[in-house]
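Overview (structure and organization)
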Amino acid sequence: MSKLKLLYKVFASPKRLKTLLSFNDKGYLDEIGWFNAYDAKSPVDKENNPIPWVTYSFIDFIKTHLKSQHSVFEFGSGNSTFFYAKYAGLVVSVEHDKEWFDKIVSTKPNNAEMIFCELVRDGDYCRMPVKLEEKFDIIIVDGRDRVNCCKQAINALSENGVIVLDDSERDFYFEGISFLKDKGFKELSFSGISPGLFYRKSTSVFYKAANCLDI
């Protein structure tokens, strides 16, 4: 539908327009801070606290399942780093954008570690959690080279670890999803809108039995 047709459809129905305008100060969008994120062009909640740029349904889930004994590795960094560090004991992030890395590392939480790594497809970036020779309970795939990140992540998971893939609805991540399922992982998808955006997307958790999130 074109923007002109959409505008006509909205203004042709005064009741609908009144309802849409009221969402700015009441209702679900106001409660989750969607307008704050839209205005800031950055993922924040109603109190302007940092949150990941993932679906709200996943945020609701993960913040009640993360524990202080969990270690998190994330591909990509930003507001998500601050959010996960609030709940987990340790967060390690790899970032390929040097300017963004310098910005985040200067204010990172005390329990967060950041690594800069230039992006080379199927190179050190996707292998970073393995190269650290540590095991992580939760590996967040929300950066670049995501298919290869999914493939490498299984080698750095703790015995009951899980992998989280954002934008899992995108066709070009299907190879990574199929790889994980072939390795015995089940998928739990959280769909809906995300901070400041109004299109449907999905964030998926890939897990096995007796996992650290009690799925």
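This write-up is about the structure you can find in this document. (Residues numbered from 1 in each chain as written. Predicted model: local features only at pLDDT ≥ 70, side-chain atom pairs only at ≥ 80, totals over all residues. Heavy atoms only, no water.)

Attention now moves to unusual backbone geometry. Positive phi, normally seen in glycine, also occurs at Glu 133, with a value near 55°. Inspection of the secondary structure assignment puts Glu 133 in the loop between helix H8 (124–131) and strand S4 (136–141). Of the residues examined, Glu 133 reaches a relative accessible area of 73% and is grouped as exposed. Of note, the phi angle at Asp 214 is positive, near 60°, even though the residue is not glycine. Looking at the secondary structure, you find Asp 214 in the segment after strand S7 (201–207). In this structure Asp 214 comes out as exposed when scored by relative accessible area, which is 61%. (Helix = DSSP H or I, 4+ residues; strand = E, 2+ residues; numbered from the N terminus. Buried < 20%, exposed > 50% of the residue type's maximum accessible area, 1.4 Å probe, protein only.)

Following the sequence through the fold, Glu 175 ends up in helix H10 (residues 174–182). Among the residues examined, Glu 175 registers a relative accessible area of 48% and is labelled partly exposed. Considered as a pair, Glu 175 and Val 147 are 28 residues apart in the sequence and their alpha carbons are 6.5 Å apart. Residues in contact with Glu 175, not counting those within four places in the same chain, are Val 147 and Lys 151. (Contact = heavy atoms within 4.5 Å.)

Phe 58, Ile 138, Val 205 and Leu 213 are the most contacted members of the largest nonpolar core, which totals 29 residues. Elements that contribute at least two residues to this core include exactly helix H4 (34–40), helix H5 (56–62), helix H6 (79–87), S4, strand S5 (157–166) and S7. Here this core gets five residues from one element, more than from any other, and that element is H5. Discounting residues that sit within four places of it in the chain, Phe 58 has contacts with Tyr 84, Val 164, Phe 190, Thr 203 and Val 205. Core analysis: the second largest hydrophobic core is formed by 24 residues, Val 92, Cys 117, Val 141 and Tyr 173 among them. (Core = buried A, V, L, I, M, F, W, Y, C linked by side-chain atoms within 4.5 Å.)

Within the secondary structure layout, Gly 161 lies in strand S5. Classification of Gly 161 as buried rests on a relative accessible area of 6%. The sequence separation of Gly 161 and Lys 135 amounts to 26 residues, and the corresponding C-alpha distance is 8.6 Å. Not counting residues up to four positions away in its chain, the partners in contact with Gly 161 are Phe 136, Asp 137, Phe 185 and Cys 212.

Here we take up H10. For H10, every residue scored as buried is listed here: Gly 176, Ile 177 and Leu 180. Buried residues of H10, seen end-on, are gathered within an arc of 100° and therefore sit on one face of the element. Turned more than 90 degrees away from the buried face of H10, the exposed residues are Phe 174 and Asp 182. Buried residues belonging to H10 abut helix H9 (146–153), S5, strand S6 (186–192) and S7. Gly 184 occupies a position one or two residues after H10 and carries a positive phi of about 95°. (Arc of directions from axis to C-beta.)

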